[in-house]
Amino acid sequence: MCLVCIKLRRLNIIIYVVRRHISSDSYKHIKMLKSLLNRLYISDDVLHKLSDTMRHEMDRGLSAKTTEEAEIKMLPTYVTGTPNGTEEGEFLALDLGGTNFRILLVKIVAGEEKEITMDSQIYHISKELMNGTGTQLFDHLVECLWDFLLKRGMMCQLLPIGFTFSFPTKHLGIDKTILIRWTKGYTASGVEGEDIGKLLNDAINRKFKIRCLNFDLKIMSTVVNDTVGTMISCGYDDNDTCMGMIVGTGTNMCYMEKQENIEVLGKNETGGEMCVNTEWGAFGDNSGSLKDIRTQFDIEIDEKSPNPGEHIFEKMISGMYMGEIVRLIILKLCSNREIFDGIASDSVLFHSGLSTAFVSHILNPKNSTDMLRSHLAGLGVIAEDEDIQKLIKICDAISTRAAHLCAAGVVAVAKKIKENRGDLNMTIGIDGSVYRKHPTFAKLFHAKVHDLCGELKIAFKESMDGSGRGAALVAAVECRLHNISTKTPESDDE
Ligand code: GLC
């Protein structure tokens, strides 16, 4: 054989080996992506089982004997009265729950002109404040409040306050609210186990006493969970509203329960209904109810979080974790050179480098492949068309799983309401950035609720600013019940 022929033959053999290698490798990769996506898919059968387990945990939470060990705590909120349309006046609503603190001035008009107007401002809460001391955190909230009032020329005119405090709290009556534990990345010291209304009022006193000469120390502040605010806010417009759900930084649900079923209330119950804050984010914490569907990525997220072992359900769903799950999956695929040619940029490499807004951006149908490519380039990632398709599949799988898990939860709660009331029609008020801003979440969630809910007829009502507006309404109801004046006092500034 001539030299050239030998060389050509060798070259062919090399090309053949490389090809074999590439194709078996990409086969392995496709299999790996596929198996990851399969792992994230939850069948309707499994969703029904999860829903039944949640339903069972809800009963354990309501029962005095088992409430301590129950995963779903079913916390009584002492909110029994819903607005009846006669509430009126001006209220301040404070809303703390994620990375922002919102202050709202809410004006409620009763009667035929029935109307609610709001003027609001958002203040950022830095990581340092989330993880510093409680005094620093509450002093900062009051600094923001001072700024808000100052800008509106309302200093020293503290109105009744509705405080949406979106963490698990134990209510000892409507005016005493103890933080059970922090969630969503907060760890501020000296707050767990303390009365939130008192911490707020103490901080207000520290700031206002020196500035306002005739400052009245008694500020009426009602603390509510964001789910409760959302339910009350929607209930103001739609009488069938009996549930309030949040899917934002965290996720949670509240609903109206018969007081006689809330055993922890003891004999004080009056025979009516009371709103129960389920804190469903903690489903899966003790018994491993979610262990069959948790992935290595969920486990890693939990282990690296400030509250390992807690709020397991929430960590599979909410906005605080969605981007991070996607990032961990990309990292895994990168380590196999299965996406972005194995090159991970800083945004992929570092903890919390991708946000839920990133997931929303990838899934937004308005964004063409070219637009996504340049967005990724901005994050330091060079993406081929094939990479973008893979990324869309990953984001879609994570979002679908989150929406379907929420749907399983809603069906569990809706079945409980049906048992109590015998009514098949119910409306659920919903708020939260994932529900409102993610391009596919709401649709996926609605469709799955309808697949799973059988004969129940569940309507969805999105609630813009629900938690703040609702907190003001809860405060308004309290003022009505206790004859507290809600008119703006004459200005007596400094
Ligand atoms: C977390 C909090 C809960 C809140 C939810 C939504 O799960 O524990 O109280 O309602 O986030 O903000």
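Residues numbered from 1 in each chain as written. Predicted model: local features only at pLDDT ≥ 70, side-chain atom pairs only at ≥ 80, totals over all residues. Heavy atoms only, no water.

Draft legend 1. Local environment of the site of the ligand. Among the 14 residues in the neighbourhood of the ligand, the closest are listed as Lys184, Asn225, Asp226, Glu279 and Glu314. Take His311: an N or O atom from its side chain is 3.4 Å from an oxygen atom of the ligand. Expressed as a share of its isolated accessible area of 310 Å², the protein-covered part of the ligand is 98%. The class makeup of the residues in the shell around the ligand is 3 nonpolar, 7 polar and 4 charged. (Near = heavy atom within 4 Å. Polar contact = N/O pair within 3.5 Å; in protein donor to acceptor, adjacent residues only side chain to side chain. Areas by Shrake-Rupley, 256 points an atom, 1.4 Å probe, with all protein chains shown as cover. Nonpolar A, V, L, I, M, F, W, Y, C, P; charged D, E, K, R; others polar.)

Draft legend 2. Seen up close, the packing of aromatic side chains. Applying the stated criterion to the full structure yields 12 aromatic pairs. Both rings, one in Trp182 and one in Tyr186, keep their centres 5.2 Å apart while their planes meet at 25°; by these two values the pair is stacked. Comparing Trp182 with Tyr186, the two get one shared label, buried. The interplanar angle of 10° and the centroid separation of 6.2 Å between the aromatic rings of Phe441 and Phe445 together place this pair among those described as stacked. Note that Phe441 and Phe445 are positioned in helix α15 (residues 441-452) at a spacing of 4 residues, about one turn of the helix. Residue classification places Phe441 among the buried positions, given a relative accessible area of 0%. The ring of Phe148 carries Arg152 above its face, with NZ or CZ at 3.7 Å from the centroid. Geometry around Phe167 places Lys184 over its ring, the cationic atom sitting 4.8 Å from the centre. (Phe/Tyr/Trp six-rings, centres within 6.5 Å; stacked < 30°, edge-to-face > 60°. Buried < 20%, exposed > 50% of the residue type's maximum accessible area, 1.4 Å probe, protein only. Helix = DSSP H or I, 4+ residues; strand = E, 2+ residues; numbered from the N terminus. Lys NZ or Arg CZ within 6 Å of the ring centre and 35° of its normal.)

Draft legend 3. Molecular detail of the nonpolar core. Counting residues in each nonpolar core, the largest one holds 85 residues, and the members touching the most others are Met243 and Phe445. When residues of this core are assigned to their parent elements, the largest contribution, 18 residues, is made by helix α13 (residues 385-421). Counting residues in each nonpolar core, the second largest holds 40 residues, with Leu92, Ile103, Phe148 and Phe165 among its members. (Core = buried A, V, L, I, M, F, W, Y, C linked by side-chain atoms within 4.5 Å.)

Draft legend 4. View of the pairing of strand β8 (residues 221-224). On β8, burial covers both faces: Ser221 and Val223 on one face and Thr222 and Val224 on the other are all buried. As paired elements, strand β5 (residues 161-165) and β8 share 4 bridges and run parallel to each other. Pairing of Phe163 across the sheet is with Val223, part of β8. (Pairing = 2+ DSSP bridges.)

Draft legend 5. Up close: the sheet that holds strand β2 (residues 89-96). Strand order in the open sheet made by the 5 strands is β4-β3-β2-β5-β8, with mixed pairing throughout. Of all strands in the sheet, those bounded by a partner on one side alone are β4 (115-124) and β8. Strand-to-strand twist of the sheet, defined as the mean angle between neighbouring strand axes without regard to direction, takes the value 20°. Across 8 bridges, β2 lies against strand β3 (residues 100-109) in antiparallel orientation. In the strand pairing of β3, Leu94 is matched with Ile103. (Axes fitted to C-alpha atoms, helices over the stretch in contact; angles between N-to-C directions.)

Draft legend 6. Summary view of the pairing of β3. Burial analysis of β3 places 7 of its 10 residues in the buried class, which makes it a mostly covered element. Where β2 folds back on β3, the antiparallel hairpin that results is connected by 3 residues. Relative to β4, β3 is paired through 10 bridges, and the arrangement is antiparallel. If you follow Val106 over to β4, its bridge partner there is Met118. Where β3 folds back onto β4 in an antiparallel hairpin, the turn is made up of 5 residues, including Gly111, whose phi is positive at roughly 75°.

Draft legend 7. Spatial organisation of the sheet that holds strand β10 (residues 251-258). The 6 strands are arranged β1-β11-β10-β9-β12-β13 in an open sheet whose pairing can be described as mixed. Edge positions in the sheet fall to β1 (75-76) and β13 (457-462), since each has one partner strand and no second. In terms of strand pairing, β1 meets strand β11 (residues 273-277) through 2 bridges, oriented antiparallel. Within β11, the residue paired with Pro76 across the bridge is Val276. Packed onto the sheet, α15 meets β9 (241-247), β12 (425-431) and β13 and runs at close to 165° relative to β13. (Contact = heavy atoms within 4.5 Å.)

Draft legend 8. Broad picture of the side chain of Ser233. Summarising the element assignment, Ser233 is placed in helix α6 (residues 226-237). In this view, Ser233 contacts Ser463, Gly466, Arg469, Gly470 and Leu473; residues no more than four positions away in its chain are not counted.

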